[in-house]
Structure formats: structure tokens, C-alpha cells
Amino acid sequence: MTDTEHYHAIAAQSSAVPTLLCGRCRSTLSRGRIFRNGERHNFDINCDTVALCSADDCGALNCCDEALKGLEGAAELISKAS
Ligand SMILES: [Zn+2]
């Protein structure tokens, strides 16, 4: 595997609003840190939607594709970031 190291975001099913959690530290991934890969930022991973954890001691790169599939209102979550 030569992929850049990354984690897989987790959909917070219990939340009232669509929320993604960092796959490493389980912090909430804020909307402003979720990007379409290749749009404003280009990450070298095979993933359409990526998020950067905002926790100071984490900063993990998360792939959101799998989590977004099971998340209602996921499109809205991303469009706000542009
Ligand atoms: Zn994190």
C-alpha cells in the first residue's frame, strides 16, 4: 500500500443533524473541514470526499465516502463547505 495514510470517517447515527466523526479520535468533523477531493484541496487518496480532523493532537485525514453513503442529508453537509 502506497496510499497516504488516512482513516475512515464514521457517521454519527444518533445525532439529529448529519454529523461525521473522525475515524481516529472520534471528534466531530466540522463542515468547514470537509472537502471534495480535488476541488479546493487535492489529496492523494482514492476518495471523493475527505475531511481533516480539527483536533489539535490528531489532524487525521479521513475518507468520508463510506460514511456518507449511510448518512441522510449528506449532500447538504458537503455543499455548505464550498
Ligand atoms: Zn481525529
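Whatever comes next refers back to the structure up there.
Description of the structure in this document. (Residues numbered from 1 in each chain as written. Predicted model: local features only at pLDDT ≥ 70, side-chain atom pairs only at ≥ 80, totals over all residues.)

1. Concerning the sheet that holds strand β3 (residues 20-21)
For step 1, the next point in the chain: The strand order across the open sheet built from three strands is β2-β3-β4, with neighbouring strands paired in antiparallel fashion. In this open sheet, the two strands that pair with only one neighbour each are β2 (10-11) and β4 (28-29).
For step 2, the next point in the chain: Alignment of β2 against β3, held across two bridges, turns out to be antiparallel. Bridge pairing in β3 places Ile10 opposite Leu21. (Pairing = 2+ DSSP bridges. Helix = DSSP H or I, 4+ residues; strand = E, 2+ residues; numbered from the N terminus.)

2. Focus: the sheet that holds strand β6 (residues 49-52)
For step 1, the next point in the chain: Spatial ordering of the open sheet is given by β1-β7-β6-β5, a layout of four strands whose pairing is mixed. The open sheet has two edge strands with one neighbour each: β1 (7-8) and β5 (34-36).
For step 2, the next point in the chain: Taken together, the two bridges between β1 and strand β7 (residues 61-63) define a ladder with parallel strand orientation. Note that in β7 the partner of His8 across the bridge is Cys63.

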